[in-house]
Amino acid sequence: MMRRRPGPAALSVVPPRGLRGAAAFLFLFTFVALAIGPSRAQGEGGAAAPAPALAREARLAGDAKRTRLIVDLDHAPAFRAFTLANPPRVILDLSDVTFALRPDASQLRRGLVTAYRFGVFAPGKARMVLEVSGPVAIDKAFVLDAVDDQPARLVVDLVKADPAAFARSIATEAEQRTALPAAPVAAPPAGDTRPVIVIDPGHGGIDSGTSGYSAFVEKTIVLETALAVRDRLEKAGGYRVVLTRSTDTFIPLADRVRIARANRADLFISIHADALARGDGRARGASVYTLSETASDTESAHLADKENKADLIAGVDLSDETDEVAGILVDLAQRETRNFSALFARTLVGSMKAATRMHGTPLKSAGFRVLRAHDVPSVLVELGYMSSPDDLKQLTSEAGRDRMADAIAAGVTQFFAHKGAAGHQAVDDDAPAPGR
């Protein structure tokens, strides 16, 4: 039974002793104005946004036929639940929710749920992605309000379903588009002829990247490095720097490419960290990748495949992608973009050698989706292996990060010196670039 919570207690105000007449009236008027002013302002359009709901605990119950997810929150949020295929997943989009779950919460699995992830998906939106063992149906999905000492609860009941029923339940294309965040693209300032450098910290939000079985996560390490590189390039004063993300939020791979092209970038630098599975060896050292339809080696092909799954990890439906992606690889054969990407990769490796240990073969190539801006020289930097204790020490130390940021910034400066660019030569998306 729902109990009505008591309202605020009545407030009694007595003027201080010694105040009489007009002075007492002025005191009371001032007190009341201060007391009710903020409330009235909030009710008249200046309302402060309610605090985000805090998710404190998540647990699973049930078996391989019916599984229930329960999430405890301090107050009830608005949410939407839907399913995706290839692979089968259940997506929960939550409005204004932050997570304070135990560090091992994402390792829970039971019944139909084989794994789940949670995190920021876009400003004001959080997401939970439940990987399931096969076709499922959302039997129930509801929120219970907090009552007395009981928290608010989000409850999702999943039941095993046949493939046909699952296919009918999959979210429509229109629903998927409403779930995706808009790419944060700002128009280039008029008259600014400085070279544009787009720095792309990999992963973010619900997609934590790798951890190398450590207490650290890739998304945080690469964001801190990207911010440090930005600071150095902006301090140099000769560049306009754009970040694909500057906070812990998720950006789809295609949007990262769009940000580079919309800003008419002269360079695109995607920053990541790698890790090997247990028992796969003890590789360490930084690497720089360029795009190639054929990977330079098996390890590069595996890495590209892993990084290209970032959208799937975050619960993005890729089933409606067009053939544009395949065409981009053909466009990338244009000699100038390919050559400038290779030149920058070589320059960057030379600069980074003085700052950190490099992989035995530091120049590599593979089919990374995030490098597919056909008119922007692009590289992907792997800062090192989080599975290597020595690399991890460098990746998580301020001194190591500063050395890496200095080296990447120096590589950018050396690249434009080699290229002989006197200034930024913007190319309109609809016009062919000179020599391309």
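Residues numbered from 1 in each chain as written. Predicted model: local features only at pLDDT ≥ 70, side-chain atom pairs only at ≥ 80, totals over all residues. Heavy atoms only, no water.

Q: Kindly report on the overall build of the protein, identifying the contributing residues and their values.
A: Check the secondary structure of the protein and you find eleven helices and 15 strands. Taking all 436 residues of the protein together, 42% fall into the buried category. The contacts in the protein between residues at least 6 apart in sequence include a share of 76% that link residues at least 24 apart. Accessible area of the protein: about 22,200 Å², with a carbon and sulfur share of 54%. (Helix = DSSP H or I, 4+ residues; strand = E, 2+ residues; numbered from the N terminus. Buried < 20%, exposed > 50% of the residue type's maximum accessible area, 1.4 Å probe, protein only. Contact = heavy atoms within 4.5 Å. Areas by Shrake-Rupley, 256 points an atom, 1.4 Å probe, with all protein chains shown as cover.)

Q: Quick one: what's the story with unusual backbone geometry, residue by residue and with numbers?
A: In this structure, P87 follows N86 across a cis peptide bond, with omega equal to 0 degrees. Inspection of the secondary structure puts P87 in the loop between β3 (79-84) and β4 (89-95). If you check the backbone angles, D96 has positive phi at about 50 degrees while not being a glycine. With respect to the secondary-structure elements, D96 resides in the loop between β4 and β5 (97-99). For D148, which is not glycine, the phi dihedral falls at a positive 50 degrees. Note that D148 resides in the loop between β8 (136-144) and β9 (152-160).

Q: How would you sum up the side chain of R127? Please name residues and give values.
A: Its location among the elements puts R127 in strand β7 (residues 125-132). For R127, a relative accessible area of 1% corresponds to the buried category. Of note is the side chain of R127, whose polar atom sits 2.6 Å from the side chain of D93. (Polar contact = N/O pair within 3.5 Å; in protein donor to acceptor, adjacent residues only side chain to side chain.)

Q: For the pairing of β7, give the residues involved together with the corresponding values.
A: The element β7 is largely enclosed, with a buried count of six among its eight residues. Sheet topology places β4 next to β7; seven bridges connect them, and they run antiparallel. Note on β7: the bridge partner recorded for L92 is M128. Two elements, strand β6 (residues 113-122) and β7, share eight bridges in a ladder whose sense is antiparallel. Considered in β7, the bridge of V113 is made with V132. The loop that links β6 with its antiparallel partner β7 comprises two residues; one of these, G124, has a positive phi angle of about 80 degrees. (Pairing = 2+ DSSP bridges.)

Q: Can you lay out the sheet that holds strand β1 (residues 53-62) for me, pointing to particular residues and giving the numbers?
A: In sheet architecture, strand pairing relies on hydrogen bonds along the backbone and comes in two forms, parallel and antiparallel. In spatial order, the strands read β5-β1-β2-β9-β8; together these five strands make up an open sheet with mixed pairing. Of all strands in the sheet, those with a lone pairing partner are β5 and β8, marking the two edges. The sheet shows a mean angle of 30 degrees between the axes of neighbouring strands, taken without regard to direction. (Axes fitted to C-alpha atoms, helices over the stretch in contact; angles between N-to-C directions.)

Q: So what's going on with helix α4 (residues 218-236)? Residues and values would help.
A: Here α4 is 19 residues long and its end C-alpha atoms lie 27 Å apart, about the 27 Å a rise of 1.5 Å per residue gives. All buried positions along α4 are accounted for by E218, K219, I221, V222, L223, T225, A226, A228, V229 and L233. Once α4 ends, the next one or two residues include G237, with phi positive near 85 degrees. (Expected span 1.5 Å × (residues − 1).)

Q: I'd like to hear about the nonpolar core, residue by residue, with values.
A: A general feature of soluble globular proteins is that nonpolar side chains tend to end up buried together. Judged by nonpolar contacts, the single largest core of 41 residues is most densely connected at I197, I199, L233, I269, M352, L383 and V412. For this core, the leading source of residues is helix α11 (residues 398-419), giving eight residues. Core analysis: the next-biggest nonpolar cluster, separate from the first, contains 25 residues, L92, V97, V113 and A126 among them. (Core = buried A, V, L, I, M, F, W, Y, C linked by side-chain atoms within 4.5 Å.)

Q: Report on the packing of α4 against α11, specifying residues and quantitative values.
A: Orientation of α4 relative to α11, taken along the N-to-C sense of each, is 50 degrees, at an axis distance of 9 Å. In terms of orientation, α4 lies oblique with respect to α11. Judged by the twist between their axes, the crossing of α4 over α11 is right-handed. Across the interface between the two elements, E224, T225, A228, V229, R232 and L233 from α4 touch R401, D402, M404, A405, D406, I408, A409 and V412 from α11. Its residues placed into classes, the contact of α4 with α11 shows eight nonpolar, one polar and five charged. (Parallel < 35°, antiparallel > 145°, perpendicular 65-115°, else oblique. Left-handed = near helix turned anticlockwise from the far one by under 90°. Nonpolar A, V, L, I, M, F, W, Y, C, P; charged D, E, K, R; others polar.)

Q: An account of the packing of aromatic side chains is requested, with residue identities and associated values reported.
A: A complete count under the given rule lists eight aromatic pairs for this structure. With a centroid separation of 5.2 Å and an interplanar angle of 75 degrees, the aromatic rings of Y289 and F368 are classed as edge-to-face. Taken together, the residues Y289 in strand β13 (residues 286-291) and F368 in the loop between β14 (358-366) and β15 (378-385) connect sequence positions 79 residues apart. Grouping residues by exposure puts Y289 and F368 together as buried. Through successive ring pairs, a cluster of aromatic residues spans Y239, F340, F344, F415 and F416. Above the face of the F121 ring, R127 is positioned so that its terminal group lies 3.8 Å from the ring centre. In this structure, K419 packs its charged tip against the face of F340, placed 4.4 Å from the ring centre. (Phe/Tyr/Trp six-rings, centres within 6.5 Å; stacked < 30°, edge-to-face > 60°. Lys NZ or Arg CZ within 6 Å of the ring centre and 35° of its normal.)

Q: Describe in detail the sheet that holds β15, supporting the description with residues and values.
A: Taken together, six strands build an open sheet; the order of strands is β11-β10-β12-β15-β13-β14 and the sheet is mixed. What marks the edges here is a single partner per strand, and that holds for β11 (240-243) and β14. Each strand of the sheet is rotated relative to its neighbour by a mean of 20 degrees, with strand direction disregarded. Of the strands in this sheet, β10 (196-201), β11, β12 (267-274) and β15 are in contact with α4, which crosses β10 at around 160 degrees. Against the sheet, α11 makes contact with β10, β12 and β15, and its axis sits at roughly 150 degrees relative to β12, the strand it touches most.

Function cannot be read off these values alone, since they describe shape.
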